[in-house]
Amino acid sequence: MADDHSGVTIEQQIRWGDLDALGHVNNIVFFQFAESGRMAYFEALNITDFREGPLDGPGMVSANLNFRRQLKYPGTVRVTTHVIRIGEKSFTMHYTLRDTVDDFIVADGESIMVWVDYAVSRAKPLSPAFV
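All values derive from a computational prediction rather than experimental measurement.

Moving on, we come to helix H1 (residues 27-45). Between its first and last C-alpha, H1 extends 28 Å over 19 residues, near the 27 Å set by a 1.5 Å rise per residue. Here H1 has its buried residues at Val29, Phe30, Phe33, Ala34, Gly37, Arg38, Ala40, Tyr41 and Phe42. As for H1, its buried residues are in contact with strand S2 (7-13), strand S3 (56-67), strand S4 (76-86), strand S5 (90-99) and strand S6 (105-117). At the N-terminal boundary of H1, the capping side chain belongs to Asn26, with an oxygen 2.9 Å from the backbone nitrogen of Ile28. A positive phi of about 55° marks Asn46, the residue just after H1.

Here the focus is the confidence of the model for the protein. Looking at the protein as a whole, its pLDDT mean stands at 94, while 95% of the residues score no less than 70. At the low end of the mean pLDDT range in the protein sits strand S1 (residues 2-4), at 48; at the high end sits S5, at 98.

Rules behind the numbers
Residues numbered from 1 in each chain as written. Predicted model: local features only at pLDDT ≥ 70, side-chain atom pairs only at ≥ 80, totals over all residues. Heavy atoms only, no water. Helix = DSSP H or I, 4+ residues; strand = E, 2+ residues; numbered from the N terminus. Expected span 1.5 Å × (residues − 1). Buried < 20%, exposed > 50% of the residue type's maximum accessible area, 1.4 Å probe, protein only. Contact = heavy atoms within 4.5 Å. Polar contact = N/O pair within 3.5 Å; in protein donor to acceptor, adjacent residues only side chain to side chain. pLDDT = per-residue confidence, 0-100.

What follows is the structure, given as structure tokens:
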């Protein structure tokens, strides 16, 4: 896992089970690749260090991906994740998925995240330490 000012980058193997009936990677798997990138980013950040209580942490309120090209088995996807905006209660994460064969961007997109107090199911302001 690489971590620098441009974000966190991981690689994910394409599995045979990731394919749909037409033989290419199913669109939902692209979201799973982005999820793995997001979790790697959170791990690099030690996100649990920013909890103010046992029932708070990040939650997703929106997600989108732009599908640019199909992926097939076998193969590897490189996922780069970084934060592109931080607000009072939310932050936006950006994902770039590349085929490692030719470095072509196969998908890109964003998710809007909030810090949630799960005890009351509400977003709360981001802590200064987290920001």
